[in-house]
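# What the coordinates show
Chain by chain, the residues run as shown.
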Amino acid sequence: MQPKKVLAVDDSKLMLRMYEVMLRGTPLVLAENGLQALEVLRQHRDVDLVLLDINMPLMNGLEFLEALKKEGRLPGLPVIVVSTDGEEDQIAKGLAAGATAYLTKPFDAEKLRAAIAALPENP
Amino acid sequence: MNDEPVRSNPAEGSGKELVEELKGTLEKARQLVRQLENQLVRAGVPIPRGPDQELAARLARTEADVKELAAQLAASERQISRLMNLYVATYQLHATLTPEEVLQTIAEIAVNLLGAKKFVVILRRDGGQGFEVALAQGLEASDAAFFSGEEYRGGEVGVDATLADGVLRLAPIPKSTMVAVVPLKVQGELVGVLAVLELLPHKPALRPEDRELLDLLSAHAASALFAARILATKDRRLRTLESLIKLARGE
């Protein structure tokens, strides 16, 4: 898919800056935790892709996915979980919670672009 | 499913488009040659082998050029990716003048860009007496022998060697279980090390491109941290001085 607007959610300032650089040219909105991300999504209804960290304060990635489900935004909104946790059971947990794809850190711009390009146009 | 890559960089997009366009044109040329040959066969005209062979050779050369161009483009994209990581790491290290935030950034670089699971930052104490553990992440009880508490007393062979000679060491390090020991320098002077004890499970080893990131940390992490610490110390002294002046004036 080719996203029109991306929401990047991560409590690491470094990662948020990384997304800004890697996705330059694509409109991007940022959030530092799941709670903030929900608010940003309400303000930016045109977000059509979410890049989501798992381990975050206040509301973690899995809780955010649950909240999205309750709001009826899943499975319509593609979510790529981006996490340092690469264990099989964690990946399964993320996908079961409603994520469309799972990308492990560290990654580079090529991998991120490939993960986005591999997403279905209508999840 | 859309096979079209995401184009966040117009320059990269145009490079890929050019290669794809060249490939398409070559395929069209091949089809045209085949159609022409079929027409000639049907019309009973002998196929002129000489020019055809020359054309085939030129086609092969052009195909080889396109392949080389595609390989160069892929290499450039990999290089751009590496440079992006280095740029963001440097930017973020110098984006703050708070010592805690600089340490946090070093930790974020180690985890998110390097893939470190367990690591410590050891710094020479003010006045050059001993070493402090300024940052430790992911350590377990089994690692406590060398890195417990706030002081590094020595004993880890790889760490001690780098603290002595300032040379970056990568696994396998003789008599050491460290994955990497990175000297941290300020204006060329060794002030400490970043020791990586273990990588994330899905990253079995450091890659050649990680070396650039380690070199960056070696050159920038300590200077960013020391600049922040100096500013914090000066700020504290300034506030103390201001308080004393106010006290002396009876304010």
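For the structure itself, consult the block above.
Residues numbered from 1 in each chain as written. Chains lettered and ligands numbered in written order. Predicted model: local features only at pLDDT ≥ 70, side-chain atom pairs only at ≥ 80, totals over all residues.

### Observations regarding the overall build of chain B
Counting its secondary structure elements, chain B contains six helices and six strands. Listing the helices and strands of chain B from first to last along the sequence gives α-α-α-β-β-α-β-α-β-β-β-α. Taking 251 residues into account, the globule formula puts the C-alpha radius of gyration at 18 Å, and chain B, at 30 Å, lies well above it. C-alpha atoms of chain B, sized along the principal axes, occupy 110 × 55 × 35 Å. Relative to its full complement of 251 residues, chain B shows a buried share of 25%. A separation of at least 24 residues holds for 54% of the contacts in chain B among residues at least 6 apart in sequence. (Helix = DSSP H or I, 4+ residues; strand = E, 2+ residues; numbered from the N terminus. Rg over C-alpha atoms; globule rule 2.2 N^0.38 Å. Buried ≥ 20, exposed ≤ 12 C-beta atoms within 10 Å, placed from the backbone. Contact = placed C-beta atoms within 7 Å.)

### Some points on the overall build of chain A
Helices and strands together make up the secondary structure of chain A, namely five helices and five strands. Walking chain A from its N terminus toward its C terminus, one meets helices and strands in the order β-α-β-α-β-α-β-α-β-α. Its C-alpha radius of gyration of 13 Å places chain A within 12% of the 14 Å reference for a compact globule of 123 residues. Taken along the three principal axes of its C-alpha coordinates, chain A extends 35 × 30 × 30 Å. Per-residue burial over chain A gives 44% buried out of 123 residues. Looking at chain A alone, contacts between residues at least 24 apart form 56% of all its contacts between residues at least 6 apart.

### Digging into the interface of chain A and chain B
Contacts between chain A and chain B engage 28 residues on the former and 29 residues on the latter. Mapped onto the side of chain A that touches chain B, the elements with two or more residues apiece are α1 (13-22) and α5 (109-117) of chain A. With seven residues, α1 of chain A is the largest single contributor of residues to the side of chain A that touches chain B. For the side of chain A that touches chain B, the class distribution of residues is twelve nonpolar, seven polar and nine charged. (Nonpolar A, V, L, I, M, F, W, Y, C, P; charged D, E, K, R; others polar.)

### A word on the sheet that holds strand β1 (residues 6-9) of chain A
Within a sheet, each strand pairs with its neighbour through backbone hydrogen bonds, oriented either parallel or antiparallel. All names here are of chain A. Pairing is parallel across the open sheet formed by five strands, whose spatial order is β2-β1-β3-β4-β5. Edge positions in the open sheet fall to β2 (28-31) and β5 (101-104), since each of these has one partner strand only. The average undirected angle you get between the axes of adjacent strands in this sheet is 20°. Taken strand by strand, α5 contacts β3 (49-52), β4 (79-83) and β5, and its axis lies near 175° from that of β5. (Pairing = 2+ DSSP bridges. Axes fitted to C-alpha atoms, helices over the stretch in contact; angles between N-to-C directions.)

### A few points about α1 of chain A
Burial runs high along α1 of chain A: seven of the ten residues are buried. Among all positions of α1 of chain A, only Leu-14, Met-15, Leu-16, Arg-17, Met-18, Tyr-19 and Met-22 of chain A are buried.

### Considering the sheet that holds strand β4 (residues 169-170) of chain B
Residue and element names in this part refer to chain B. Judged by pairing direction, the sheet is antiparallel, and its six strands sit side by side in the order β3-β2-β1-β6-β5-β4 without closing on themselves. Across the chains shown, the open sheet's two edge strands, defined by having one partner strand only, are β3 (151-152) and β4. Here β4 runs beside strand β5 (residues 180-186); their pairing, made up of two bridges, is antiparallel. Residue pairing for β5: Arg-169 is matched across the bridge by Val-181.

### A short note on the nonpolar core
Ranked by internal contacts, the top residues of the largest apolar core, which has 83 residues, are Ile-122, Leu-194, Ala-195 and Val-196 of chain B. With near-sequence residues (within four places) excluded, Leu-194 of chain B lies in contact with Phe-119, Val-121, Val-182, Leu-184, Leu-217 and Ala-221 of chain B. (Core = buried A, V, L, I, M, F, W, Y, C linked by C-beta atoms within 7 Å.)

### A short note on the pairing of β4 of chain A
All names here are of chain A. Burial of β4 is extensive: five of the five residues sit out of reach of the surface. What you see with β4 is no split at all: Val-79, Val-81 and Ser-83 on one side and Ile-80 and Val-82 on the other are buried throughout. Relative to β4, β3 runs parallel, the two being bridged by three bridges. Paired with Val-50 across the two strands is Val-79, which belongs to β4. The handedness of the β3 to β4 crossover, carried by helix α3 (residues 61-70), is right-handed. Crossover β4 to β5 through helix α4 (residues 88-96) is right-handed. (Right-handed = clockwise from strand over helix to strand, strands pointing away.)

### Comments concerning unusual backbone geometry
In this structure, the amide linkage connecting Lys-105 of chain A to the following residue, Pro-106 of chain A, adopts the cis form with an omega of 0°. On the secondary structure map, Pro-106 of chain A appears in the loop between β5 and α5. Cis geometry marks the peptide bond from Ala-171 of chain B to Pro-172 of chain B, where omega comes out at 5°. The phi dihedral of Leu-58 of chain A is positive, around 65°, even though this residue is not glycine. Within the secondary structure, Leu-58 of chain A sits in the loop between β3 and α3. Here the phi dihedral of Gln-187 of chain B falls at roughly 50°; this positive angle occurs in a residue that is not glycine.

### Re helix α5 (residues 157-165) of chain B
All names here are of chain B. Turning to α5, its buried residues are Gly-158, Val-159, Thr-162 and Leu-163. End-on view of α5: buried residues confined to an arc of 130°, all on one side of the axis. Away from its buried face, by an angle of more than 90 degrees, α5 presents the exposed residues Ala-164 and Asp-165. Looking at the buried positions of α5, the neighbouring elements they touch are β1 (116-124), β4, β5 and β6 (189-199). Backbone geometry just downstream of α5 places Gly-166 in the positive-phi region, at approximately 70°. (Arc of directions from axis to C-beta.)

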